[in-house]
Amino acid sequence: MKILILPDPAAATATCVALIVESLIENPKAVLGLATGGTMEPVYAGLLKRARAGDVLLDRMTSFNLDEYVGLPPEHPQSYHSFMRERLFAPLGLDPARTHLPRGDAEDPAAEAARYDAAITQAGGIDLQLLGIGGNGHIGFNEPSSSLASPTRVKTLTCATREANARFFGPDEAVPRFAITMGIATILRSRHAVLLATGAAKAAAVATMAEGPLSARCPASALQLHPKATIVLDAEAAADLELRQYYETVHPQGQEVTLG
Ligand code: F6R
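Residues numbered from 1 in each chain as written. Predicted model: local features only at pLDDT ≥ 70, side-chain atom pairs only at ≥ 80, totals over all residues. Heavy atoms only, no water.

Undergrad: Any chance you could break down the site of the ligand for me, citing the residues and the numbers?
TA: Close contacts around the ligand come from 14 residues, with Thr39, Asp67, His138, Gly140 and Lys202 the closest. One of the backbone nitrogen or oxygen atoms of Gly38 is found 2.8 Å away from an oxygen atom of the ligand. Side-chain polar atom of Arg167 to an oxygen atom of the ligand: 2.9 Å apart, as the coordinates give it. Considered on its own, the ligand offers 410 Å² of accessible surface; in the complex 93% of this is hidden by protein. Its residues assigned to classes, the shell around the ligand shows three nonpolar, eight polar and three charged. (Near = heavy atom within 4 Å. Polar contact = N/O pair within 3.5 Å; in protein donor to acceptor, adjacent residues only side chain to side chain. Areas by Shrake-Rupley, 256 points an atom, 1.4 Å probe, with all protein chains shown as cover. Nonpolar A, V, L, I, M, F, W, Y, C, P; charged D, E, K, R; others polar.)

Right, dumping it as structure tokens:
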């Protein structure tokens, strides 16, 4: 695990955007795994800015999002389809045939999950998987107790996750109880996993992920098994790391140091 600690959320976000841009410059046809949630909003704003500045082209990439709420059709304002369409896909005029999310309104959500997993494999697998982390250690919607060998499937959301995500829904709207999510095994197959966490509310989950035992109690700890995982943090999200000083020695200010 490469742990990069940046001074503030803006710097951490810019580092995360830079990793995505680098990956697309290296391979404009890269397959990206995308995430939603509050942490990702400034990431997509930053990516949009870099694309509009002509630093990077996104029209040849393919994307697969991590998850979608069961029961929400793509046009539902709180669906992750809408989140992505509004923040990235529509402003860049991306071809919908290249930007994939699980269909929350599929008649058979379990079959949709299996189809989605197979579609990722068929696209050649994910080159760069973007991840956020839940306060309870979830990645995607792999809630605590998720099998670390899980494929894409339907998961029941915890009360904590539904409460955390209630902020995106209206006061009289219920947060869906189920989601289709890429599994932990699916995420671990990505060639590079980039997890971004900002803010004090993520500090405990980040420390358990990086320094706790490998355990289904903290699904993000499965990233300890990933051959190339980059964890991008701001100072607040890094606050509970016991080995923080070591990470800051290896990557001062979250920067690469050339050897020799
Ligand atoms: C969303 C997703 C989730 C979020 C996580 C953090 O696609 O997969 O794992 O990344 O719940 O959400 P925020 O950033 O809203 O705290």
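Undergrad: Which residues make up helix α2 (residues 41-52), and what are the values?
TA: Compared with an ideal rise of 1.5 Å per residue, which puts twelve residues at 16 Å, α2 spans 17 Å between its outermost C-alpha atoms and is within 8% of the ideal. If you check which residues of α2 are buried, you get Val43, Tyr44, Leu47, Leu48 and Ala51. Projected down its long axis, α2 shows its buried positions confined to an angular sector of 135°, all on one face. In this structure, α2 carries Lys49 and Arg52 as exposed residues pointing more than 90 degrees from its buried face. On the buried face of α2, the contacting elements are α1 (9-26), β2 (31-34), α3 (80-92), β6 (128-131) and β9 (192-197). (Helix = DSSP H or I, 4+ residues; strand = E, 2+ residues; numbered from the N terminus. Expected span 1.5 Å × (residues − 1). Buried < 20%, exposed > 50% of the residue type's maximum accessible area, 1.4 Å probe, protein only. Arc of directions from axis to C-beta. Contact = heavy atoms within 4.5 Å.)

Undergrad: Describe the pattern of salt bridges, with residues and values.
TA: Inspection of the entire model under this criterion finds nine salt bridges. Here Arg189 makes a salt bridge to Asp117, at a shortest N to O gap of 3.3 Å. Taken together, the residues Arg189 in the loop between α6 (184-188) and β9 and Asp117 in helix α4 (residues 109-122) connect sequence positions 72 residues apart. Take Arg189: its relative accessible area is 49%, and that puts it in the partly exposed class. (Salt bridge = Lys/Arg side-chain N within 4 Å of Asp/Glu carboxyl O.)

Undergrad: Break down the environment of Val194 for me, with residues and values.
TA: In this structure, Val194 sits in strand β9. Take Val194: its relative accessible area is 1%, and that puts it in the buried class. Taking the C-alpha atoms as reference, Val194 lies 4.8 Å from Thr230; in sequence the two are 36 residues apart. Filtering out sequence-adjacent residues up to four positions away, Val194 remains in contact with Cys16, Leu19, Leu128, Gln129, Leu130, Leu131, Thr230 and Val232.

Undergrad: Describe the sheet that holds β6, with residues and values.
TA: Two pairing modes exist for strands in a sheet, parallel and antiparallel, and in both the strands are linked by backbone hydrogen bonds. Pairing in this open sheet of seven strands is parallel, and the strands run β1-β10-β9-β6-β2-β3-β5 from one edge to the other. Two strands in the sheet have a free side with no partner beyond their single neighbour: β1 (2-6) and β5 (99-100). Two strands pair when backbone bridges link them, and strand β3 (residues 62-65) and β5 are joined in this way by two bridges, in the parallel orientation. Note that in β5 the partner of Phe64 across the bridge is His100. (Pairing = 2+ DSSP bridges.)

Undergrad: Quick one: what's the story with the pairing of β1, residue by residue and with numbers?
TA: Judged by how many residues are buried, β1 sits mostly within the fold: four of five residues are covered. Where β1 lies against strand β10 (residues 229-234), five bridges are found, and the strand directions are parallel. Bridged to Lys2 within β10 is Thr230.

Undergrad: Can you explain the side chain of Ser150? Please cite residues and give values.
TA: Mapped onto the elements of the fold, Ser150 is located in the loop between β6 and β7 (153-156). By relative accessible area, which is 3% here, Ser150 ends up buried. Within polar-contact distance, the side chain of Ser150 engages the side chain of Arg153 at 3.4 Å. Side-chain polar atoms of Ser150 contact the backbone nitrogen of Ile184, separated by 3.0 Å. Residues contacting Ser150, with those up to four places away along its chain left out, are Asn142, Gly183, Ile184, Ala185 and Thr186.

Undergrad: How would you summarise unusual backbone geometry if you had to cite specific residues and measurements?
TA: The phi dihedral of Ser145 is positive, around 90°, even though this residue is not glycine. Secondary-structure assignment places Ser145 in the loop between β6 and β7. Taking relative accessible area as the criterion, Ser145 reaches 58% and is therefore assigned exposed. In this structure, Gln253 is a non-glycine residue whose phi angle is positive, near 55°. You can call Gln253 exposed: its relative accessible area is 56%.

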